[in-house]
Amino acid sequence: MTEPVADEAAQVRAFWQRLGLPGLMDLHVHFLPPPIERAVWREFDTGGELIGRDWPILYRFDADVRLQLLRDFGVQRFPTLPYAHKPGVAGFLNDWSRAFAAEVPEALWTATFFPEADAPSYVEALVREGVEVFKVHSQVGGFHVDDPQLDDVWGVLEDSRTPVVAHVGSGPVGTPYTGPDALARLLARFPRLQVVVAHLGAPETADFLELADRHEGVHLDTSMALTPFFTDPVGGHGGLAPDLRPRLADLQERVVYGSDFPTLPFRYVDQLGWIADLGLGDDWLRDVCWHNAQRLLGQSLGNA
């Protein structure tokens with residue numbers, strides 16, 4: 001591990017120690033089966049059609065090094081966030097993620113699903129067995145979250161209140177399957193779903209904030225959303241529009257910290273700085289970086 005990374009760990013720890021927290025809860029982290037991970041990283045390396053730009057991966061380390069780095073940062077819990085990109089792969093991803101979580105105490109048991117005939121049965125089984133969080137990626141998977149094949153899946157998840165991290169915003173590249181409309185239709189039918197909108201739903205953050213205003217189960221994670229790299233790579237303005245900051249402040253208990261580690265083109269600590277630069281106060285930061293994820297997941301990790 002290089003010295004700059006070692007220095008960064010001290011900076012990350014100083015961030016949460018200043019807030020009096022026992023660490024960080026990071027709800028947007030990826031650990032994937034090695035062949036899938038290599039394929040994903042190739043897409044980033046080539047600026048594939050869903051990436052749309054050069055995207056250097058700063059934390060291109062082996063899994064054991066990345067895991068130690070998260071521990072050095074003080075990340076207490078994190079998901080693995082697999083996402084099925086076609087029919088028939090969810091089972092492989094879910095088995096791998098389950099085994100990873102069994103071996104890594106900090107890892108949340110994470111699973112995924114895809115619009116396919118057996119999705120209701122495997123999702124129901126996973127929920128019954130204690131899975132902690134799901135991930136779906138409508139941009140990569142090429143499906144609407146309200147696809148009829150998922151009706152029974154959403155019914156199970158609504159009843160169990162199992163959180164789902166959903167990439168439904170149009171960043172970094174929009175497709176016919178991204179944007180707020182499909183999630184709005186879904187929530188009209190399943191209003192008690194616990195959904196974490198990845199990347200603050202950028203670039204449609206305002207629309208997803210409106211959904212959060214209407215549905216108490218809608219949360220938003222901060223990953224990538226406060227950098228011009230993700231939101232405005234050409235103009236370089238990025239960040240959160242000033243008129244959205246009060247709305248994010250009002251949703252203090254439903255914003256959760258996420259990083260998108262390891263596929264970051266900038267330092268992990270920089271993202272924490274951008275969140276602090278919103279100027280929403282230390283109590284807001286404590287909720288975002290720790291308490292809200294605990295409430296969402298039913299965790300109890302300290303008394304901060």
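Relevant structure appears above.
No experiment lies behind these values; they were computed from the predicted model shown.

The rules behind each value
- By convention here, each chain's residues receive numbers from 1 onward along its written sequence.
- The predicted nature of this model means local features are confined to residues of pLDDT at least 70 and side-chain atom pairs, given and counted, to a pLDDT of 80 or more, with totals for whole chains, interfaces and linings taken over all residues.
- Excluding hydrogens and water, the side-chain figures rest on all heavy atoms present in the structure.
- Lining residues are those with an atom within 4 Å of a point, where the points come from a 1 Å grid over the protein atoms alone and group into cavities, where a 1.4 Å probe fits but cannot get out, or pockets, open sets with protein on both sides within 12 Å along at least five of seven lines.
- Grid points are joined across faces, edges and corners, and a volume is the space filled by probe spheres set on the points.
- Counting from the N terminus, the helices are the DSSP runs of H or I reaching at least four residues and the strands are the DSSP runs of E reaching at least two.
- The term nonpolar core refers to a set of buried residues drawn from Ala, Val, Leu, Ile, Met, Phe, Trp, Tyr and Cys, joined through side-chain atoms within 4.5 Å.
- Each residue is placed in one exposure class: buried if its accessible area under a 1.4 Å probe, protein chains only, is under 20% of its type's maximum, exposed if it is over 50%, and partly exposed if it falls in between.
- Two residues qualify as a contact provided that any one of their heavy atoms is within 4.5 Å of a heavy atom in the partner residue.
- Should DSSP find at least two bridges between two strands, the strands are taken to pair.
- Look down the strands so they point away from you; if the path from the first strand over the helix to the second goes clockwise, the crossover is right-handed.
- In this analysis, the expected span of each helix is defined as 1.5 Å times one less than the number of residues it contains.
- To get the bend at any residue, fit one axis to the seven residues that end at it and another to the seven that begin at it, then take the angle between the two axes.
- Note that Gly is not counted as nonpolar here; it falls among the polar residues with everything else outside the nonpolar set of Ala, Val, Leu, Ile, Met, Phe, Trp, Tyr, Cys and Pro and the charged set of Asp, Glu, Lys and Arg.

Participant: So what's going on with empty space enclosed by the protein? Which residues, and what values?
Facilitator: Counting across every chain of the model gives one cavity of 30 Å³ or more. Reported here for the largest cavity is a volume of approximately 30 Å³. Lining the largest cavity, in full, are L27, L108, V133, P163, V165, V196, L296 and L297.

Participant: Before we move on, can you summarise unusual backbone geometry with the specific residues and values?
Facilitator: Here the bond from G171 into P172 is cis, since omega is -5°, no more than 30 degrees from zero. Among the secondary structure elements, P172 is positioned in the loop between strand 5 (164–167) and helix 8 (181–189). Residue P262 is bonded to the preceding F261 through a cis peptide linkage, with omega at 10°. Residue position: P262 is located in the loop between strand 8 (255–256) and helix 12 (268–276). Look at R161: it is not a glycine, yet its phi comes out positive at around 60°. Within the element layout of this structure, R161 appears in the loop between helix 7 (151–160) and strand 5.

Participant: Can you break down the nonpolar core residue by residue, with the values?
Facilitator: Core analysis: the biggest nonpolar cluster contains 103 residues, and F78, F113, F134, W154, L157, L183 and Y268 have the highest contact counts within it. Of all the elements, helix 13 (residues 282–297) adds the most residues to this core, at eight residues. If we skip the residues at most four places from it in the chain, F113 touches A84, A90, Y122, V123, F134, K135, V136, L150, V153, W154, L157 and V164.

Participant: Could you give me a rundown of the pairing of strand 5, with the residues and numbers involved?
Facilitator: Here strand 5 shows a buried face lined by V164 and A166 and a second buried face lined by V165 and H167. Bridge count between strand 4 (residues 133–137) and strand 5: four bridges; the pairing is parallel. Paired with H137 across the two strands is H167, which belongs to strand 5. In this fold, the crossover linking strand 5 to strand 6 (residues 195–197) by way of helix 8 has right-handed handedness.

Participant: How would you explain helix 13 if you had to name every residue and give the values?
Facilitator: Between the first and last C-alpha of helix 13 there are 22 Å, a value that for 16 residues agrees with the 22 Å anticipated at 1.5 Å per step. Of all the bends in helix 13, the greatest measures close to 50° and is centred on V288. Burial analysis of helix 13 places 12 of its 16 residues in the buried class, which makes it a mostly covered element. When we look at burial in helix 13, the residues that qualify are W284, L285, D287, V288, C289, W290, H291, N292, A293, Q294, L296 and L297. Positive backbone phi, approximately 70°, marks G298, located one or two places after helix 13.

Participant: Give a detailed account of the layout of surface pockets, specifying residues and quantitative values.
Facilitator: Taken as a whole, the largest pocket spans an internal volume of roughly 600 Å³. Around the largest pocket sit 29 residues that line it, and V40, F44, I51, Y83 and V140 are the ones nearest its centre. Elements with a minimum of two residues in the lining of the largest pocket: helix 2 (34–46), strand 4 and helix 6 (138–141). Looking at the lining of the largest pocket, the element that brings in the most residues is helix 2, giving seven residues. For the lining of the largest pocket, a count of residues per class yields 15 nonpolar, nine polar and five charged.

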